[in-house]
Amino acid sequence: MPTCLLVCKSCNRSSEELPENQVADGARLIEQLNALSAEQTQCKDLRIQPVGCLWTCGSPCAVAFSAPGKPTYLFTNVTADDTAAALLQFGELYLKSKTGNIPWQQFPQVLQEVSIAKIPTMSR
């Protein structure tokens, strides 16, 4: 199973319904991540996977990093405007780590300022 960056495609900074033809913040973030990852060879092993909802509706974007045998990191209140590069930087750290444990001090600065949950690896 690959390392995944799950991105809520319906997240938006406002719980109000979007005007017709306006793209949700989550969908914009996915577009930015796909464009940046295509330029960066180190991200080739990170699968960017849009998901319908991560249940943080009415907040800016929610994303999660997940891989077999590693803890899952859930980031919420992530803005779509300036975080794609930081998310891919974190993804590179996550990919390189055998255990998936990333010291908070190594998180890109913009990700140190959002809500974070670290969900432990499930033991068998």
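Look up a bit, the structure's there.
Here the structure is a predicted model, which means the values were calculated and not measured.

Teacher, can you tell me more about the overall build of the protein chain here?
Secondary structure assignment for the protein chain yields three helices and five strands. Its helices and strands in sequence order give the protein chain the pattern β-α-β-β-β-α-α-β, from N to C terminus. Excluding contacts between residues fewer than 6 apart, the proportion of contacts in the protein chain whose partners are at least 24 apart in sequence is 66%. Counting only carbon and sulfur atoms, one obtains 52% of the accessible surface of the protein chain, whose full area is about 7200 Å².

Help me understand helix H2 (residues 84–96) in this model?
Helical geometry: 3.6 residues make up each α-helical turn, so side chains three or four residues apart lie on a common side. Between its terminal C-alpha atoms H2 stretches 19 Å, which fits the 18 Å expected from 13 residues at 1.5 Å a residue. Taken as a whole, H2 has its buried residues at Ala-84, Ala-86, Leu-87, Leu-88, Phe-90, Gly-91 and Tyr-94. Close packing links the buried residues of H2 with strand E1 (3–8), helix H1 (25–39), strand E2 (46–51), strand E3 (61–66), strand E4 (72–78) and helix H3 (109–112).

How should the sheet that holds E3 be read in this particular structure?
The strands that make up a sheet pair up through hydrogen bonds in the backbone, lying either parallel or antiparallel. Strand order in the open sheet formed by five strands is E2-E1-E3-E4-E5, with mixed pairing between adjacent strands. Unpaired on one side and paired on the other, E2 and strand E5 (115–119) mark the two borders of the sheet. Ignoring which end each strand starts from, the neighbouring axes of this sheet average 15° apart. In this sheet, E3 lies alongside E1 in antiparallel orientation, the contact comprising four bridges. Its bridge partner being in E3, Cys-4 is matched across the sheet by Ser-66. Relative to the sheet, H1 contacts E1, E2, E3 and E4, its axis offset from that of E1 by approximately 145°. Sheet strands in contact with H2 are E1, E2, E3 and E4, and its direction is about 15° off that of E3.

Reading guide: rules and limits
Residues numbered from 1 in each chain as written. Predicted model: local features only at pLDDT ≥ 70, side-chain atom pairs only at ≥ 80, totals over all residues. Heavy atoms only, no water. Helix = DSSP H or I, 4+ residues; strand = E, 2+ residues; numbered from the N terminus. Contact = heavy atoms within 4.5 Å. Areas by Shrake-Rupley, 256 points an atom, 1.4 Å probe, with all protein chains shown as cover. Expected span 1.5 Å × (residues − 1). Buried < 20%, exposed > 50% of the residue type's maximum accessible area, 1.4 Å probe, protein only. Pairing = 2+ DSSP bridges. Axes fitted to C-alpha atoms, helices over the stretch in contact; angles between N-to-C directions.

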